[in-house]
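# Residue-level structural notes
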There are 2 protein chains.
Amino acid sequence: MTYCVGVKLDDGLIFASDSRTHAGVDNYASFCKMTVFEQPGDRVLVLLSSGDLAATQAVIGVLRQRAAAGASHIWSVTSMFDVANLVADAMRDIERRDGPFLESGGLKFNASFILGGQIAGEDMRLFRIYAEGNFIEAGTETTFLQTGEAKYGKPILDLAVTHGASLEDATKCVLVSYDSTMLSNLSVGMPIDLLCYARNALQVSMKRRFDAGDAYFEVLKSHWIAGTRRVFHELPALVW
Amino acid sequence: MTYCVGVKLDDGLIFASDSRTHAGVDNYASFCKMTVFEQPGDRVLVLLSSGDLAATQAVIGVLRQRAAAGASHIWSVTSMFDVANLVADAMRDIERRDGPFLESGGLKFNASFILGGQIAGEDMRLFRIYAEGNFIEAGTETTFLQTGEAKYGKPILDLAVTHGASLEDATKCVLVSYDSTMLSNLSVGMPIDLLCYARNALQVSMKRRFDAGDAYFEVLKSHWIAGTRRVFHELPALVW
């Protein structure tokens with residue numbers, strides 16, 4: 001499993017991904033699921049990968065090679081919508097290539113992405129690209145998109161990730177949602193990769209990895225538990 | 001879907017169930033999923049039902065009829081373990097009767113229960129009974145058991161439902177976990193039935209139904225959201 005979140009606030013974007021991959025509980029490993037394409041002053045593109053690791057790595061590989069080879073590519077197109085289409089093209093090409101072989105082993109092509117960022121001349125945008133290459137874009141009512149093990153983390157995000165929330169508060173909320181998810185699903189694990197993008201910055205200045213035992217993450221967890229217990233205690237008592 | 005929770009604290013038990021049943025989003029209804037068998041001073045037994053309504057109602061019906069008919073039944077046995085076995089017997093009898101007919105329609109017998117309570121001479125106990133009639137009992141490490149749409153509500157319960165928590169605080173936590181679940185899954189819906197049982201009381205004095213728009217529930221929701229946003233705001237800031 002995987003847990004990835006993309007958040008779109010008035011003030012910026014937040015991206016987070018866990019890094020556990022596994023083929024059964026007796027065979028797990030750690031791979032970064034966050035890929036950043038950055039050209040300061042021009043564009044910041046962030047991709048969060050879910051699904052089969054061979055598939056997501058192949059898609060990222062194709063995107064990088066095509067970008068290096070010229071023609072229309074992720075460094076040259078002028079909208080995030082075009083970038084989403086280029087990601088979808090790469091996914092469909094990999095599926096065309098690998099799909100029949102996967103099927104012979106009883107498997108299916110399985111890769112999906114959260115894509116977000118900003119290109120100069122356009123506002124920030126956030127997409128979820130499905131395994132078939134079709135995609136949805138977050139609108140004004142949607143402040144976050146999740147992939148993978150989304151249920152355990154969603155109630156926490158619902159509490160504080162409103163479009164007007166500050167990047168700082170929403171970031172804490174995203175981290176707490178990782179803690180909730182990891183508590184209940186062993187297939188989501190640290191390190192967590194986190195990136196915050198301030199609207200119109202057109203460069204990455206806030207990127208951080210949280211390894212197991214990270215001091216800030218531990219403090220956040222204990223303060224969150226203590227704080228919410230206090231809230232429960234202070235909620236009005238039920239009259240029977 | 002359904003969402004049922006049974007909680008076992010040092011001080012007592014908490015039971016809650018939603019009441020939405022449905023066969024598709026275009027066909028839903030409201031049925032109470034909480035059944036209480038009470039003989040003040042002797043025993044309190046609470047059953048929370050999940051699964052196919054015809055199956056769970058049939059099981060409850062058989063339990064009531066057998067109790068009225070005498071022999072060994074839920075009013076006469078001397079342990080909660082025996083009660084769990086009687087529920088399992090009823091489930092297996094219904095499956096034996098209905099199973100082949102369900103199979104001919106491509107369906108499976110589908111009923112499961114959370115059972116908890118106390119019989120004089122024994123401490124409180126809490127069980128989860130699976131569709132096959134086998135069951136598990138909550139131990140000292142397990143403070144709650146859930147059935148149905150369990151994921152959205154679990155992170156909230158994890159925060160404050162520790163075995164030493166007060167019945168009052170844990171009850172608020174259970175109600176908030178219903179709010180979180182209903183926000184994300186339309187197939188879980190009000191009214192919510194809630195019962196708190198104080199250890200060794202051997203009678204029911206705290207039972208309450210929350211209909212849509214219940215004034216206390218609305219206050220609880222808004223205080224919870226405001227409280228947790230304050231907690232997020234007060235959590236230490238991330239240094240990049």
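Rules and cut-offs
- Position numbers for residues count from 1 along each chain, tracking the sequence in the order it is written.
- Chain letters and ligand numbers both follow the written order, the letters beginning at A and the numbers at 1.
- The model is predicted, so local features are restricted to residues of pLDDT at least 70 and side-chain atom pairs to those at 80 or more, both for listing and for counting; the totals for chains, interfaces and linings are taken over all residues.
- With hydrogens and water set aside, each side-chain value is computed from the structure's full complement of heavy atoms.
- Secondary structure counts use DSSP, requiring at least four H or I residues in a row for a helix and at least two E residues in a row for a strand, with both numbered from the N terminus.
- The buried label applies to any residue whose accessible area, calculated with a 1.4 Å probe on protein chains only, is under 20% of its type's maximum; exposed applies above 50%, and partly exposed to all values in between.
- Whether two residues are in contact is decided by their heavy atoms, any of which lying within 4.5 Å being enough.
- Counted as positive: Lys and Arg. Counted as negative: Asp and Glu. His and the chain ends are not counted at all.
- All charge positions are set by atom: Lys at NZ, Arg at CZ, Asp at CG, Glu at CD.
- Accessible-area loss on putting two parts together, using a 1.4 Å probe and summing over both, is the definition of buried area adopted here.
- Here, a salt bridge means any Lys or Arg side-chain nitrogen found within 4 Å of an Asp or Glu carboxyl oxygen.
- Any N or O atom pair separated by 3.5 Å or less is treated as a polar contact, with the protein-specific requirement of one donor-capable and one acceptor-capable atom, and with residues adjacent in sequence counted only for side-chain atom pairs.
- Any two strands with at least two DSSP bridges between them are considered paired.
- Orientation is described by axes fitted as lines to C-alpha atoms, over the contacting stretch for helices, and by angles from 0 to 180 degrees between their N-to-C directions.
- Multiplying one less than the number of residues by 1.5 Å gives the expected span of a helix.
- The arc in question is the one traced by the directions running from the helix axis out to the C-beta atoms.
- Fitting of the copies onto one another was done by least squares over C-alpha atoms, counting residues only where both copies have pLDDT of at least 70.

Chain A carries the name Peptidase in an unreviewed UniProt entry, which gives Pelomonas dachongensis as its organism.

### Observations regarding the overall build of chain A
Assigned secondary structure in chain A consists of five helices and 12 strands. Over its C-alpha atoms, taken along the principal directions, chain A stretches across nearly 65 × 45 × 35 Å. In chain A, which comprises 240 residues, the proportion classed as buried is 54%. Partitioning the intrachain contacts of chain A with sequence separation of at least 6 by distance along the chain shows that 63% fall at a separation of at least 24. Charged side chains in chain A number 22 positive and 28 negative. The centres of these two groups are separated by 2 Å.

### Regarding the interface of chain B and chain A
Each partner contributes to the interface: chain B provides 45 residues, whereas chain A provides 45 residues. Across the interface of chain B and chain A, roughly 4,100 Å² is buried in total on both sides, 71% from carbon and sulfur atoms. The largest per-residue losses of area from chain B upon contact with chain A belong to Leu159, Phe232 and Trp240 of chain B, which jointly make up 20% of the total buried on that side. Between chain B and chain A we count four salt bridges in total. In this structure, glutamate 149 of chain B and lysine 151 of chain A form a salt bridge, with 2.8 Å as the shortest nitrogen-oxygen distance. The interface formed by chain B and chain A holds 20 residue pairs in polar contact (both at pLDDT 80 or more) in total. With 14 residues, the top contributor of residues to the side of chain B that touches chain A is helix H5 (residues 215–234) of chain B.

### A few points about the side chain of serine 112 of chain B
Within the fold, serine 112 of chain B resides in strand S7 (residues 111–119). When near neighbours in sequence (up to four residues on either side) are disregarded, serine 112 of chain B contacts Leu48, Ser49, Ser50, Met91, Arg128, Ile129, Tyr130, Ala131 and Thr147 of chain B.

### Some thoughts on the sheet that holds strand S2 (residues 12–17) of chain A
All names here are of chain A. Pairing is antiparallel across the open sheet formed by five strands, whose spatial order is S10-S1-S2-S11-S12. Pairing within the sheet leaves two strands with one partner each, and these edge strands are strand S10 (144–148) and strand S12 (206–210). Taken over all neighbouring pairs, the strand axes of this sheet differ in orientation by 10 degrees on average, direction set aside. Two elements, strand S11 (residues 192–198) and S12, share five bridges in a ladder whose sense is antiparallel. Looking across to S12, one finds that leucine 195 is bridged to lysine 207.

### Concerning H5 of chain B
All names here are of chain B. Relative to the 28 Å expected for 20 residues at 1.5 Å per residue, H5 spans 29 Å between its end C-alpha atoms, a close match to the ideal helical length. Looking at H5, one finds that the buried residues are Tyr216, Phe217, Leu220, Trp224, Gly227, Thr228, Val231 and Phe232. Down the axis of H5, the buried set is contained in an arc of 140 degrees. They therefore lie on one face. Across H5 from its buried face, at more than 90 degrees, point the exposed residues Ala215 and His233. Structurally, the start of H5 carries an N-cap: the backbone nitrogen of tyrosine 216 is 3.0 Å from a side-chain oxygen of aspartate 214.

### Quick notes on the pairing of strand S10 (residues 144–148) of chain B
Residues and elements named next belong to chain B. Burial of S10 is extensive: four of the five residues sit out of reach of the surface. Pairing between strand S1 (residues 3–8) and S10: five bridges, direction antiparallel. Paired with valine 7 across the strands is phenylalanine 144, a residue of S10.

### Considering the pairing of strand S8 (residues 125–129) of chain B
The two faces of a sheet get side chains in turn, since along a regular strand they alternate between them. Residues and elements named next belong to chain B. Among the five residues of S8, four are classified as buried, and the element is accordingly described as predominantly covered. Pairing of S7 with S8, which is carried by five bridges, proceeds in the antiparallel orientation. Along S8, the bridge assignment pairs glycine 117 with arginine 125. Connecting S7 to the antiparallel partner S8 that follows it, the hairpin turn spans five residues, and glycine 121 within it adopts a positive phi of roughly 95 degrees. Across three bridges, the pairing between S8 and strand S9 (residues 135–137) is antiparallel. Residue pairing in the sheet places phenylalanine 127 in a bridge with glutamate 137 of S9. A loop of five residues connects S8 with S9, the two strands running antiparallel in sequence, and glycine 133 in this loop sits at a positive phi of about 95 degrees.

### Points about the relation of the copies chain B and chain A
When chain B is fitted onto chain A, the two copies agree to an RMSD of 0.0 Å after a turn of 180 degrees and an axial shift of 0.0 Å. What the superposition gives is, in effect, a two-fold axis relating one chain to the other. In this assembly the copies share their binding face: 100% of the residues contributing to the interface of chain B also contribute to that of chain A.

### Thoughts on the environment of alanine 29 of chain A
Residue and element names in this part refer to chain A. Mapping alanine 29 onto the fold places it in strand S4 (residues 28–30). A relative accessible area of 32% places alanine 29 in the partly exposed class. Along the backbone, alanine 29 and glycine 189 are 160 residues apart, and their C-alpha atoms lie at a distance of 9.6 Å. Once residues lying within four places of it in the same chain are set aside, the contact partners of alanine 29 are Ser19, Arg20 and Thr21.

### Structural notes on helix H1 (residues 53–69) of chain A
Residues three or four positions apart in an α-helix share a direction because the helix packs 3.6 residues into each turn. All names here are of chain A. Look at H1: 24 Å from first C-alpha to last across 17 residues, which is about the 24 Å you get at 1.5 Å a residue. Within the span of H1, buried status applies to Ala55, Thr56, Val59, Ile60, Val62, Leu63 and Ala67. Within H1, the buried residues cover an arc of 155 degrees as seen down the axis, which keeps them to one side. Exposed side of H1, more than 90 degrees from the buried face: Ala54, Gln65, Ala68 and Ala69 are the residues found there. The secondary structure elements touched by the buried residues of H1 are strand S5 (34–39), strand S6 (43–51), helix H2 (80–104) and strand S7 (111–119). In the stretch just after H1, glycine 70 is the one whose phi turns positive, near 95 degrees.

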